Amino acid sequence: MKAPAAASGSHDPRLAELRERLAVVRQRIDSAVADAGRQAEPPQLIVVTKFHPAEDVERLAALGITDVGENRDQEAADKAARLAELRLRWHFIGQLQSNKAKSVVRYAHAVHSVDRPQLAAGLAKAVRAEQERTGRADLECFIQVSLDEDADGHRGGALPADVPGLAEVLSASPGLRLAGVMAVAPLAADPEAAFEKLAAISARLRSEYPQATAISAGMSQDLEAAIRCGATHLRIGSDILGPRPALR
Ligand SMILES: *Cc1c(COP(=O)(O)O)cnc(C)c1O
């Protein structure tokens, strides 16, 4: 691999831009954390790098980022293979077909979008095979919950009523670790109300599975509301990387 401009220290305007944008987002996170009195347990920042080139991921690593998010298997697999030396934690955050489970468990530290038993079963089988092959750690699994009242504007996820069943499958599967819940705020609604709903779903889940403490919530537009509602993992893309280039 060619030495990246980011690592070589030569003048790199994109590195300077990312450093600045990241600083602004970190400030927003810090002040929301302070307002919420959560300094003792600040959320984990996951930078969503989908559609942006692997070089940007290298730059982010040079700026201290340890966790990155991707939503398409092919793109994530390519970047993770290319950047293996950086030892980043890759979070899969997109809709996932069960037949991609085998690929995802090769690089993913966590899957935030487990929304049906069939996918949980596929991930369980794939991760066990991968653990035999490489001894990889257990796969962190978040149950993605739909916070939409109606099917219109549906942004993926299990219905709240289906969370207990999914939790049972995940917690009973060797190789998987039930981390907690994840949601995307519905487009039309107030994000704070949506994240309060998610917090209640999380509390119910924890009463049954005390280890399932994680709440993956909060994107560029609504990270403050998510922090107020107890988010433990933030997934921030465009406010750090800028508008997503139209690849495909
Ligand atoms: C793209 C994406 C994000 C990041 O969104 P931004 O608005 O760019 O911060 C977060 N979560 C999911 C599930 C995404 O697909």
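From a predicted model like this one, the values you see are computed outputs, not experimental measurements. (Residues numbered from 1 in each chain as written. Predicted model: local features only at pLDDT ≥ 70, side-chain atom pairs only at ≥ 80, totals over all residues. Heavy atoms only, no water.)

Caption draft 1: Layout of the overall build of the protein. Looking only at helices and strands, the protein has 10 helices and 8 strands in total. Taking 18 Å as the expected radius of gyration for a compact globule of 248 residues, we find that the protein reaches 18 Å, a close match to that expectation. Overall size of the protein, expressed as C-alpha extent along the three principal axes, is 55 × 45 × 35 Å. Looking at the protein as a whole, 50% of its 248 residues are labelled buried. Surface exposure of the protein reaches about 12,000 Å², of which carbon and sulfur atoms provide 51%. Distance between charge centres in the protein, computed from 31 positive and 33 negative side chains, equals 5 Å. (Helix = DSSP H or I, 4+ residues; strand = E, 2+ residues; numbered from the N terminus. Rg over C-alpha atoms; globule rule 2.2 N^0.38 Å. Buried < 20%, exposed > 50% of the residue type's maximum accessible area, 1.4 Å probe, protein only. Areas by Shrake-Rupley, 256 points an atom, 1.4 Å probe, with all protein chains shown as cover. Lys, Arg positive; Asp, Glu negative; His and termini not counted. Charge placed at Lys NZ, Arg CZ, Asp CG, Glu CD.)

Caption draft 2: Quick peek at the site of the ligand. As a structural note, the neighbourhood of the ligand is formed by Val48, Lys50, Ile93, Met182, Val184, Met219, Ser220, Arg235, Ile236, Gly237, Ser238 and Arg244. A distance of 2.7 Å is found between an oxygen atom of the ligand and a side-chain nitrogen or oxygen belonging to Lys50. Between Gly237 and the ligand, the recorded distance is 2.8 Å, taken from a backbone N or O atom to an oxygen atom. Considering the ligand on its own, with 390 Å² of exposed area, one finds that the protein chains cover 89% of that surface. (Near = heavy atom within 4 Å. Polar contact = N/O pair within 3.5 Å; in protein donor to acceptor, adjacent residues only side chain to side chain.)

Caption draft 3: Seen up close, the pairing of strand β4 (residues 108-114). The element β4 is largely enclosed, with a buried count of 6 among its 7 residues. Looking at chain direction, strand β3 (residues 89-92) and β4 are connected through 3 bridges and run parallel. Each bridged residue has a counterpart across the sheet, and for His91 the counterpart in β4 is Ala110. Tracing the backbone out of β3, into helix α5 (residues 101-107) and back to the parallel element β4 gives a crossover that is right-handed. Sheet analysis places β4 next to strand β5 (residues 139-144), joined by 3 bridges and oriented parallel. Among the inter-strand pairings, Val111 is bridged to a residue of β5, identified as Cys141. As a crossover connection, the stretch from β4 through helix α6 (residues 117-134) into β5 is right-handed. (Pairing = 2+ DSSP bridges. Right-handed = clockwise from strand over helix to strand, strands pointing away.)

Caption draft 4: How the structure looks around the pattern of salt bridges. For the structure on display, the rule yields 17 salt bridges. The partner of Arg59 in a salt bridge is Asp56, with the nearest N and O atoms 2.9 Å apart. Taken together, the positions of Arg59 and Asp56, both in helix α3 (residues 54-62) and 3 residues apart, correspond to about one turn of that helix. Assigned by exposure class, Arg59 and Asp56 land together as buried. (Salt bridge = Lys/Arg side-chain N within 4 Å of Asp/Glu carboxyl O.)

Caption draft 5: Geometry of the side chain of Thr49. Topologically, Thr49 is positioned in the loop between β1 (44-48) and α3. In this structure Thr49 touches Val57, Leu60, Val68, Gly69, Glu70, Glu75, Lys79 and Leu241, once residues within four positions along its chain are discounted. (Contact = heavy atoms within 4.5 Å.)

Caption draft 6: Structural detail: the nonpolar core. Of all hydrophobic cores here, the largest spans 69 residues; its most connected members are Leu123, Leu139 and Ile240. Among the elements that line this core, the one with the most residues is helix α2 (residues 13-35), at 7 residues. Within the second largest apolar cluster, 6 residues are counted, among which are Ala110, Phe142, Met182 and Ala214. (Core = buried A, V, L, I, M, F, W, Y, C linked by side-chain atoms within 4.5 Å.)

Caption draft 7: Up close: the packing of aromatic side chains. Within this structure, the stated rule accounts for 0 aromatic pairs. Positioned above the aromatic ring of Phe51, the side-chain terminus of Arg72 is 4.6 Å from the ring centre. (Phe/Tyr/Trp six-rings, centres within 6.5 Å; stacked < 30°, edge-to-face > 60°. Lys NZ or Arg CZ within 6 Å of the ring centre and 35° of its normal.)

Caption draft 8: Structural context of the packing of α2 against α3. α3 packs onto α2 with a crossing angle of 60° between their chain directions and a minimal axis gap of 10 Å. The pairing of α2 with α3 is recorded here as oblique in orientation. The interaxial crossing formed by α2 with α3 has right-handed handedness. Two secondary-structure elements touch here, α2 through Arg14, Leu15 and Leu18 and α3 through Asp56, Arg59 and Leu60. Of the residues in the contact of α2 with α3, the class split is 3 nonpolar, no polar and 3 charged. (Axes fitted to C-alpha atoms, helices over the stretch in contact; angles between N-to-C directions. Parallel < 35°, antiparallel > 145°, perpendicular 65-115°, else oblique. Left-handed = near helix turned anticlockwise from the far one by under 90°. Nonpolar A, V, L, I, M, F, W, Y, C, P; charged D, E, K, R; others polar.)

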